[in-house]
Amino acid sequence: MKVDEIKKIAFLARLDVNDRELLSLTNDVNNILNFINKMNEVDTHGIAPLAHPLEINQRLRNDEVTETNQRELFLKNAPAQEAGLFLVPKVIEEV
Amino acid sequence: MYHKTVSELSKALANKAISSVELTKLYLERIKQYNPLLNAYITLTEELALAQAKQADQARAQGQATLLTGVPIAHKDIFCTEGIKTSCASKMLDNFIAPYESTLTAKIKQAGMVLLGKTNMDEFAMGSSNENSYYGACKNPWDIERVPGGSSGGSAVAVAARLAPAATGTDTGGSLRQPGALTGTTGLKPTYGRISRYGMIAFASSLDQGGILTYTAEDAALLLETIAGFDPKDSTSAVEPVPSYSKNLNDSLKGVRIGLPKEYFTSQLDTTIGTTIHTAAKELEKLGANLHEISLPNMGLSVPAYYVIALAECSSNLARYDGVRYGYRCQDPKDLLDLYMRSRGEGLGAEVKRRIMIGTYTLSAGYYDAYYLKAQQIRRLIQEDFIKAFKEVDIILGPTSPTTAFKINEKVDDPVAMYLADIYTVAINLAGLPGISIPAGFSNGLPIGMQLIGNYFAEAKLLNVSHQYQQQTDWHRQMPSQFN
Amino acid sequence: MTWEAVIGLEVHAQLKTKSKIFSESATQYGAEPNTQANAIDLGLPGVLPVLNKEVVKMAVKFGLAVNANINLKSIFARKNYFYPDLPKGYQITQFELPIVGKGILAVADPEGNVKKIGITRAHLEEDAGKSLHEDFHGMTGIDLNRAGTPLLEIVSEPDLRTAKEAVLYLKALHALVRYLDICDGNMQEGSFRCDANVSVHKIGEPFGTRVEIKNLNSFRFIERAIDYEIQRQIEEIEHGNKIVQETRLYNANTHKTKSMRSKEEANDYRYFPEPDLLPLVIDKAFIETIAEKLPELPEAKRQRFISQYGLSAYDAGNLISSQSLADYFEQTVKLSATDPKITANWIMGELSAALNKHDLTIEHSPVTTTMLAGLLKRIHDHTISGKIAKSVFEAMWAGEGDADTIISKQGLKQVTDSSALEKIVAEIIANSPEQLADYLAGKERLFSYFVGQTMKATKGQANPQQVNEILKQQLKRVTH
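Below is a summary of the structure that appears in this document. (Residues numbered from 1 in each chain as written. Chains lettered and ligands numbered in written order. Predicted model: local features only at pLDDT ≥ 70, side-chain atom pairs only at ≥ 80, totals over all residues. Heavy atoms only, no water.)

Remarks on the packing of aromatic side chains
Point 1. Evaluated as defined, the whole model comprises 29 aromatic pairs over all chains.
Point 2. Arranged with centres 6.1 Å apart and planes meeting at 55°, the rings of B:Phe442 and B:Trp475 form a pair that is tilted. On the criterion of sequence distance, the pair formed by B:Phe442 in strand E10 (residues 435–443) and B:Trp475 in the segment after helix H15 (459–472) is long-range, its members being 33 residues apart.
Point 3. On the accessibility criterion, B:Trp475 (30% relative accessible area) is partly exposed.
Point 4. Their ring planes at 35° and their centres at 6.3 Å tell us that C:Phe393 and C:Trp397 sit as a pair that is tilted. Of the two residues, C:Phe393 and C:Trp397 both sit in helix H10 (residues 386–397), four residues apart, roughly one turn of that helix. Across the pair, C:Trp397 and C:Phe393 agree in class, each one buried.
Point 5. Members of the aromatic cluster, connected to one another through ring pairs, are B:Phe96, B:Phe124, B:Tyr321 and B:Tyr326.
Point 6. A cation sits over an aromatic face here: C:Lys171 above C:Phe219, 5.5 Å from the ring centre. (Phe/Tyr/Trp six-rings, centres within 6.5 Å; stacked < 30°, edge-to-face > 60°. Helix = DSSP H or I, 4+ residues; strand = E, 2+ residues; numbered from the N terminus. Buried < 20%, exposed > 50% of the residue type's maximum accessible area, 1.4 Å probe, protein only. Lys NZ or Arg CZ within 6 Å of the ring centre and 35° of its normal.)

What about the side chain of C:Asp276?
Point 1. Counting through the fold element by element, C:Asp276 comes out in the loop between strand E14 (272–273) and strand E15 (280–281).
Point 2. On the basis of relative accessibility, which here comes to 2%, the residue C:Asp276 falls in the buried class.
Point 3. Polar contacts involving the side chain of C:Asp276 include one to the side chain of B:Arg197, which spans 3.0 Å.
Point 4. The residues contacting C:Asp276, other than those within four sequence positions of it, are B:Arg197, B:Ser205, B:Ser235, B:Thr236, C:Leu48, C:Pro49, C:Arg78 and C:Tyr90. (Polar contact = N/O pair within 3.5 Å; in protein donor to acceptor, adjacent residues only side chain to side chain. Contact = heavy atoms within 4.5 Å.)

Some words on the sheet that holds strand E12 (residues 247–251) of chain C
All names here are of chain C.
Point 1. Spatial ordering of the open sheet is given by E5-E6-E9-E1-E10-E11-E12-E13, a layout of eight strands whose pairing is mixed. On the outer flanks of this sheet lie strand E5 (103–108) and strand E13 (256–259), each paired with one strand and no other. Each strand of the sheet is rotated relative to its neighbour by a mean of 30°, with strand direction disregarded. (Pairing = 2+ DSSP bridges. Axes fitted to C-alpha atoms, helices over the stretch in contact; angles between N-to-C directions.)

Let's talk about the interface of chain B and chain C
Point 1. In this complex, chain B contributes 40 residues to the contact, which on the side of chain C involves 31 residues.
Point 2. Here chain B meets chain C over a buried area of about 2,800 Å², counting both sides, of which 60% is carbon and sulfur.
Point 3. Where chain B meets chain C, there are one salt bridge.
Point 4. The salt bridge involving C:Asp276 is made with B:Arg197; its shortest N-O contact spans 3.0 Å.
Point 5. Viewed at the interface, chain C and chain B are joined by 16 residue pairs in polar contact (both at pLDDT 80 or more).
Point 6. Going through the elements one at a time, helix H9 (302–317), helix H10 (336–347), helix H11 (350–363) and helix H12 (369–392) of chain B are the ones with two or more residues in the side of chain B that touches chain C.
Point 7. Looking at the side of chain B that touches chain C element by element, the count peaks at four residues for H9(B).
Point 8. Considered class by class, the residues forming the side of chain B that touches chain C number 21 nonpolar, 10 polar and nine charged. (Buried area = accessible area lost by both parts, 1.4 Å probe. Salt bridge = Lys/Arg side-chain N within 4 Å of Asp/Glu carboxyl O. Nonpolar A, V, L, I, M, F, W, Y, C, P; charged D, E, K, R; others polar.)

Side note on the pattern of salt bridges
Point 1. The tally for this structure, following the rule as stated, stands at 45 salt bridges over all chains.
Point 2. B:Lys109 is paired through a salt bridge with B:Glu101; the nearest N and O atoms lie 3.5 Å apart.
Point 3. The exposure class of B:Lys109 is partly exposed, given its relative accessible area of 42%.
Point 4. B:Glu101 sits in the buried class, given a relative accessible area of 17%.
Point 5. C:Glu299 is the partner of C:Arg302 in a salt bridge, and the nearest nitrogen-oxygen pair spans 3.0 Å.

Here we look at the interface of chain B and chain A
Point 1. Contact with chain B, which involves 65 residues of that partner, is made by 49 residues of chain A.
Point 2. Both faces considered, chain B and chain A share a buried interface measuring about 5,300 Å² in area, 71% of it formed by carbon and sulfur atoms.
Point 3. Summed over the shared surface of chain B and chain A, the number is two salt bridges.
Point 4. Residues A:Asp28 and B:Arg354 are paired through a salt bridge, measuring 2.7 Å at the closest nitrogen-oxygen approach.
Point 5. The tally of links between chain B and chain A comes to 20 residue pairs in polar contact (both at pLDDT 80 or more).
Point 6. For the side of chain B that touches chain A, the elements supplying multiple residues, two or more each, are H9, H10, H11, H12, helix H13 (415–419) and helix H14 (426–431) of chain B.
Point 7. The element best represented in the side of chain B that touches chain A is H12(B), accounting for 12 residues.
Point 8. For the side of chain B that touches chain A, the residue count by class is 40 nonpolar, 15 polar and 10 charged.

Details of the nonpolar core
Point 1. Residues B:Phe124, B:Phe386 and B:Leu463 are the most contacted members of the largest nonpolar core, which totals 192 residues.
Point 2. In contact with B:Phe124, other than residues within four places in its own chain, are B:Cys88, B:Ser90, B:Leu93, B:Ile201, B:Phe203, B:Leu318, B:Tyr321, B:Leu348 and B:Val352.
Point 3. Counting 67 residues, the second largest nonpolar core, distinct from the first, contains C:Leu51, C:Ala166, C:Ile226 and C:Ile287. (Core = buried A, V, L, I, M, F, W, Y, C linked by side-chain atoms within 4.5 Å.)

Concerning the pairing of strand E4 (residues 166–171) of chain B
Residue and element names in this part refer to chain B.
Point 1. Within E4, six of the six residues are buried, which leaves the element mostly enclosed by the surrounding structure.
Point 2. Of the two faces of E4, the one holding Ala166, Thr168 and Thr170 and the one holding Ala167, Gly169 and Asp171 are both buried throughout.
Point 3. In this sheet, strand E6 (residues 209–214) lies alongside E4 in antiparallel orientation, the contact comprising six bridges. What sits directly across from Ala167, in E6, is Leu213.

Structure below.
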């Protein structure tokens, strides 16, 4: 990966990377990717992927409301809040 | 008293040889004395601990004590503990007071155990040395210039230096077993799904599993009985009955088939560790077990496949740390994008960012098949290797770590070298199997860990073999002299 | 060569569950901000999703109703992107293996012509929260009450050719989800939302580049937005420009669509299987239990109304637009035992007008089926005329009681006693010598003058037919 591509990925992941970090990050990422490419040593054609170690079925829950309002508790951790809302810098109106 | 195991402390409390308050004070004293040097704890919950201890003593006086009532414990700072700072060793969560309790810690609370504090770890459990902590590296009590392993380094050190009789941890690619090995403690990672993940801050959801670090396998059995079981809040937790793990500890090892994978004993393994593990295997043979050489042919691919899967999952799991609802928010964001970029850029550490970058890249358009899908296919091959092996043997035995504890800063500039510290452990997570690391000797004064791997939900057998081994050896009873 | 539009619709239907798709928070609309958002909905560290069984049942119900292939195994996936109303930084949705596969929805136009529109798929996913743009010192407020509300995203094939057709499809879908009782269909509250994919091409040529239009929250806007977009695309191409694949927003004030192109690069959603949820596996028995409870569906009902009640395609199509309306009709027909066509006229005429005027739905009509049936009976047995019936209806609406009570209280009973009527008519003829002379001289249109006078004298309570007959007889007698 080149520096440009690293910047693109950093944007996708919403990570601010300063110029000082950029070179070492590019270097590390490339080393790791080279290492990961070792996977290509084996032919996996036709092998079913395993997404989860326990290949069991999903358990479902009943449609019940048990939660009570805990807004004030949750808002305690909020970096910025007002009138029961979490605040963020103005999101440009879409319409 | 701090030499005693959980089950010994349980008896001492029952016999009124000591009260929980006295015991708790003893550990709090030790923590205050040694933690500045070791950095095992991020948060000390002194007031809470004393209150819980008092409560435990009262419960005992009223005849309402369980086996674990009044026994102190420490939690890895990855478990949400209501009303207590839960940082995951990240600047991102430095100000986060968990508003709810994880299932694992709730069960421990329910059993009447006393919480001493929250332990140090690699940030978001990403690391094998505990050097990636916002709160600084944690030191190995056997040599404070060395790492204790990671990511559950603080929990391992707390137990190794007897700053807690037991501690909880998590294991995504070896994070309980490797620090267990490097600190001379017993680290148990149960089968995926055995313990609820609810409230355990996620690193890689399909690999993460909670567990414990203790002095002995007997203690691990006792604690596992308490924390295991299906949880309706975690639909990936298993609907399997929880056996009484303590009951089978003394079963004979006669006829137990133990497999030694030839792929574990290669030139990558430190020779002293190799010899030590073979000696330990012989010890088990003396107890009646049969040793077999087995093969896990795809073992060599486990580390790259593991890192692809773990990093892809982490890149998504950590997207929630965006500075909007909780956690770190950068100063004066000029717009929404700036808020995201800088809150995450400043709030997350270098290794975490590296991993998010790789994970984001491998999932991005055009690369999914080459990386994620390929890694999942290799995951299948690795699982099949184990399934085949467990048709021939009951337990797989090998080293936990290719080396003993390495020096702090030795590998920080080489992430790939650091990733290879997990070479013997990650395959177990990919397959979702239970594994345990128990002390099996020393090399130059540093502990060596032996890893035992069991079949799905065969924790009882793992603990039985480990306990029998610990009945014959006293490696697990050794303690770093500086802290004795 | 003429232009043709190709339209495909994506509908997000909020499923009518008590609790959210992955958490036990309530889904009620209109609660105070963030009072229905729990640890899971907020994406706190360490939380896990647990799927609501009812949501699965509802998706299967929908699948059965559109004759779709229901996947016994489906997979949840994560769609990764950053937005303040998306707490986890990803949306849990279904990507490669949705629960509902290909199906078909029959759509009838007002003339009763039926077109079969393909359903590509329907999948389960979670809704996002809301950004509130009122000014909080230049900040935006985030309310996560809606986050985690279950959605069924229903994707149509690009089988629609006009904006009108698109609206017909949407109305049919809207009726269907309400019949199935899986969505309340409230478009103002956002329970039933639509995005449209629109492209144009010349017939015989390959499909053009498609444009996605968002923010369509009423049938009227949808029709206008699509029409606008079709015209815009045709004009662009005729001016030698190329259509770019993009997302456009519909502005309900200007009735135009506007490009949403932002400076940010195109999204890369990085879908992958949701590792916190195992595959969703259902069995045939589960599906059969749901199939047994499936109600009569709108299209079947429409056809039955035509054959059983002899209604026109237009009337049948209107009456089946909601289950409650259809039930109201059938109940009234049953109770009144009169002509279904007249019943239909009354429901779609007087009743609908009154409901619209008072912004009420049929469920809240003050005139019950029993009351309307009572009125229809009195029309049928000539107790009152159609004209009087309208005022009786108004009185019923105003809460003055049932038809019989109002008729007797206000003395509205039709005068059908012929001797009394004959007497009145004889008097009117006797008192109108000029009109009579003119009439006899050939001004036949003066007949209506006599009718009017008679009705006036009877305060409208005379049976008009009867008045006509008596008048004719008596006038005839005068001429001879």
